[in-house]
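Residues per chain, in single letters:
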There are 2 protein chains.
Amino acid sequence: MAARRDGTQDKRPQRQAAPIPSAQEPPLSLERIIATAVELLDAEGIDGLKMRRLADRLGSGAMSLYWHVSNKDEVFDLALDSVLEYRGSPQLSESPDWRQAVVHMLEDWRASMLRHPWSASLLPRRALGPNILARLELLGGILSRAGVDEADLNGAIWSLWNYVMGATITRANFDLSDEDMLAGQQRLAHLSQEYPTIERARLLLDNDWDGVFRKGVDFLLDGLVPRQ
Amino acid sequence: MAARRDGTQDKRPQRQAAPIPSAQEPPLSLERIIATAVELLDAEGIDGLKMRRLADRLGSGAMSLYWHVSNKDEVFDLALDSVLEYRGSPQLSESPDWRQAVVHMLEDWRASMLRHPWSASLLPRRALGPNILARLELLGGILSRAGVDEADLNGAIWSLWNYVMGATITRANFDLSDEDMLAGQQRLAHLSQEYPTIERARLLLDNDWDGVFRKGVDFLLDGLVPRQ
DNA sequence: CCGTTGACTCGTACAGCGTACGATGCGATG
DNA sequence: CATCGCATCGTACGCTGTACGAGTCAACGG
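Here is what the cut-offs are and how they apply
- Counting restarts for each chain: residues are numbered from 1 in the order of the written sequence.
- Here every chain gets a letter starting at A, and every ligand a number starting at 1, in the order they are written.
- Note on the predicted model: pLDDT of at least 70 is required for a residue's local features to be given, and 80 or more for side-chain atom pairs to be given and counted; whole-chain, interface and lining totals, by contrast, use all residues.
- Calculated side-chain values reflect all of the structure's heavy atoms, with hydrogen atoms and water omitted.
- Across the chain, each position has a pLDDT score giving the predictor's confidence in that residue, from 0 to 100.
- Think of it this way: any DSSP run of H or I at least four residues long counts as a helix, any run of E at least two long counts as a strand, and we number them from the N terminus.
- Contacts are assigned to residue pairs with any non-hydrogen atoms lying within 4.5 Å of each other.
- Should a side-chain nitrogen of Lys or Arg be within 4 Å of a carboxyl oxygen of Asp or Glu, the pair is scored as a salt bridge.
- When we say a residue is near a molecule or strand, we mean one of its heavy atoms is within 4 Å of it.
- Whenever two N or O atoms come within 3.5 Å, that pair is a polar contact, provided that in protein one can donate a hydrogen and the other can accept it, and provided that, for residues adjacent in sequence, both atoms are side-chain atoms.
- Note that Gly is not counted as nonpolar here; it falls among the polar residues with everything else outside the nonpolar set of Ala, Val, Leu, Ile, Met, Phe, Trp, Tyr, Cys and Pro and the charged set of Asp, Glu, Lys and Arg.
- Least-squares superposition aligns the copies on the C-alpha atoms of those residues with pLDDT at or above 70 in both.
- The axes used here are C-alpha line fits, helices contributing only the stretch in contact, and every angle between their N-to-C directions lies in the interval 0 to 180 degrees.
- Should an angle fall under 35 degrees it is called roughly parallel, over 145 degrees roughly antiparallel, and 65 to 115 degrees roughly perpendicular, with every other angle called oblique.
- We call a crossing left-handed when the near helix sits turned anticlockwise from the far one by less than a right angle, and right-handed when that turn is clockwise.
- The term buried area refers to how much accessible surface (probe radius 1.4 Å) is lost by two components on association, counted for both of them together.
- Only buried residues count toward a nonpolar core. Its members are Ala, Val, Leu, Ile, Met, Phe, Trp, Tyr and Cys residues joined through side-chain atoms within 4.5 Å.
- In this scheme, a residue with accessible area under 20% of its type's maximum is buried, one over 50% is exposed, and one in between is partly exposed, where area comes from a 1.4 Å probe on protein chains only.
- UniProt positions are given in the numbering used here, feature names are shortened, and annotations may be inferred rather than shown by experiment.

### Considering the confidence of the model for chain A
All names here are of chain A.
Next up, step 1: The pLDDT averaged across chain A works out to 86; a share of 86% of its residues lies at or above 70.
Next up, step 2: Per-element confidence in chain A ranges from a low mean pLDDT of 72 for helix H10 (residues 178–190) to a high of 98 for helix H3 (residues 65–68).
Next up, step 3: Ignoring residues within four places in sequence, the model shows residues 1–23, a span with pLDDT below 50, making 20 contacts including any to other chains.

### Some thoughts on the pattern of salt bridges
It is possible for side chains bearing opposite charge to pair when their charged atoms get close.
Next up, step 1: Under the definition given, this model contains 20 salt bridges over all chains.
Next up, step 2: Arg57(B) serves as the salt-bridge partner of Glu39(B), at 3.5 Å between the closest nitrogen and oxygen. Of this pair, Glu39(B) sits in helix H1 (residues 30–44) while Arg57(B) sits in helix H2 (residues 51–58); the two residues are 18 residues apart in sequence, bridging distant segments of the chain.
Next up, step 3: Salt bridges sharing common partners tie together Arg99(A), Arg214(A), Asp218(A) and Asp222(A).

### Quick notes on the protein's contact with DNA strand C
Next up, step 1: Residues in close proximity to DNA strand C total 19 residues, the closest being Arg52(A), Tyr66(A), Lys72(A), Met63(B) and His68(B).
Next up, step 2: Of what DNA strand C places within 4 Å of the protein, 50% of the atoms are sugar or phosphate.
Next up, step 3: Within the side chain of Ser64(B), one N or O atom sits 2.9 Å away from a phosphate oxygen of DNA strand C.
Next up, step 4: Contact distances for DNA strand C include 3.2 Å between a phosphate oxygen and a side-chain N or O atom of Trp67(B).
Next up, step 5: The set of elements that each furnish at least two residues to the surface near DNA strand C consists of helix H2 (51–58) of chain A together with helix H3 (65–68) of chain B.
Next up, step 6: Split into classes, the residues belonging to the surface near DNA strand C amount to 9 nonpolar, 5 polar and 5 charged.

### A short note on the relation of the copies chain A and chain B
Next up, step 1: Superposing chain A onto chain B requires a rotation of 180° together with a translation of 0.0 Å along the rotation axis, leaving an RMSD of 0.1 Å. Both copies are brought into coincidence by an operation consistent with a two-fold rotation axis. Closest approach to the rotation axis within chain A is made by the C-alpha atom of Gly166(A), at a distance of 1.9 Å.
Next up, step 2: When the interface residues of chain A are mapped onto chain B, 100% of them are again interface residues, pointing to one common binding face.

### Some words on the packing of helix H6 (residues 98–115) of chain B against helix H8 (residues 130–145) of chain B
Residues and elements named next belong to chain B.
Next up, step 1: With their axes 9 Å apart at the nearest point, H6 and H8 run at an angle of 160° to one another. If you check the angle between H6 and H8, you find them roughly antiparallel. The element H6 and its partner H8 pack so that their crossing is left-handed. Packed against H6, whose contacting residues are Trp 98, Ala 101, Val 102, Met 105, Asp 108, Trp 109 and Ser 112, the element H8 presents Arg 135, Leu 138, Leu 139, Ile 142 and Leu 143 at the interface.

### Here we look at the interface of chain A and chain B
By a frequent convention, interface size equals the accessible area lost on bringing the separate parts together.
Next up, step 1: Opposite the 56 residues of chain A that make contact, chain B presents 56 residues.
Next up, step 2: Between chain A and chain B lies a buried interface of about 4,600 Å² when both sides are counted; carbon and sulfur atoms form 62% of it.
Next up, step 3: Seen at the junction of chain A and chain B, the total is 4 salt bridges.
Next up, step 4: As a salt-bridge pair, Arg200(B) and Glu150(A) come within 3.5 Å of each other at their nearest N and O atoms.
Next up, step 5: Here chain A is connected to chain B by 20 residue pairs in polar contact (both at pLDDT 80 or more).
Next up, step 6: Contributing elements (two or more residues each) for the side of chain A that touches chain B: helix H7 (118–122), helix H8 (130–145), helix H9 (150–175), H10, helix H11 (196–200) and helix H12 (209–224) of chain A.
Next up, step 7: Across the side of chain A that touches chain B, the residue classes break down as 30 nonpolar, 14 polar and 12 charged.

### Details of the nonpolar core
Next up, step 1: Grouped together as the largest cluster of nonpolar side chains are 145 residues, with contacts concentrated most on Leu143(A), Leu160(A) and Leu143(B).
Next up, step 2: Discounting residues that sit within four places of it in the chain, Leu143(B) has contacts with Trp98(B), Val102(B), Val148(B), Leu153(B), Ala156(B), Ile157(B), Leu160(B) and Leu221(B).

### Focus: the UniProt feature "DNA-binding region" (unreviewed entry) in chain A
Next up, step 1: Following the UniProt record, the feature "DNA-binding region" (unreviewed entry) maps to residues 50–69 of chain A here.
Next up, step 2: Within the segment residues 50–69 of chain A, helix and strand shares are 60% and 0% respectively, and the terminal C-alpha atoms sit 14 Å apart.

### A few points about unusual backbone geometry
Next up, step 1: Positive phi is not limited to glycine here, since Arg202(A) has a value of about 50°.
Next up, step 2: Residue position: Arg202(A) is located in the loop between H11 and H12.

Following this line, the structure appears as structure tokens:
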């Protein structure tokens, strides 16, 4: 009577949910659980996700979730991966302008994570879900077609991935609280003799995150695939 | 009777600990708590740090910790920052070979975090402690002296920081379990028609993490401060 | 010499968490 | 009608972070 741990599709059978769904609640399903978990995470942050609260939102008992999911960590895994799905037009990915294709995918990646800031705190602990793998695969394909040597491919993929990860996590971290950032910069001002350079540069404030991100990607691409 | 929240030094007074420290346990102190927390984190990972267990290791009652620390999160903050201290020779940081100075600091940063893999999972959630700020300051100073324009300084600092963060977090993530990585690659093999490129490249296995890291830093530096 | 104070320690208690377990309901199948 | 498997959920348990208040003991002022 253990919960399903196999990788099968969630093939809820053709049995009717109920003759009339009496209450307005549709029946529990993995998709509904994940979607609601994402909602809850967006609304309450990473510490706001509790099994009981998730069940409340779903109109079910807490323990019912454990039929569809083996533990809370799996909810995190699934919520994370679900948020990272890439819906990019295949023709863009295969267009001759490979550089644009790469940049588009990476910027979308970053944007997806910033839309759900909790995802940044989750990433370090989680494994590679199918949507993440799909993005890596796409990246590898584009770079390979762009002429990156087989031997350098892994390095190229990881370099770009690393950069996106770091940029996104950093940004999401600050995004959580603009006022914290302001407070940080003010704390810096107090210590301006200890940190003169970054205080003067207003490192924590005057910063064009999007531009920095884009530039960094360009620099990496220039190095990985020199423009001729 | 609230716990100390001020930023004062932990000035334990000159009062004797005990006429003779009877038991071999030295008295509680913030430094001892942090050092022991790091030990515990190293040994048991991020979920292994419990206030009771930490107190056990310190030979004290659990609630005694709360005199020195206001809550568990603060233990995390302090443990993280303590692990990120940079002991680099100032003459290296001011040597004319600024590139080497930057690379040295960044590689040390990464190495410090990989020595304590839990730090990677902590970073996304934590603020900028003094040791992190000191590294950013150092980086800013070197780049500034290397001729980076004032207007580009923040971007340069963040680009490098982002890259180091991402590379380290990714690496630490895989480091936690080589067998997970192997299992991942084997799962990939099953799905080789879905992820042909990264499967063929053995993305999860044959990878020179150190080399990739170094190359990425070089590419970024080339972009940020073109070699003449 | 004694009473007070303030720094520090800790036992107890509590609310809230993830989840093990077993009872239950209910369509489908024989 | 009996049986079975999927799915739901109430109860309970062990463990967590920590609020609270009582306790200890050195230092100090009278």
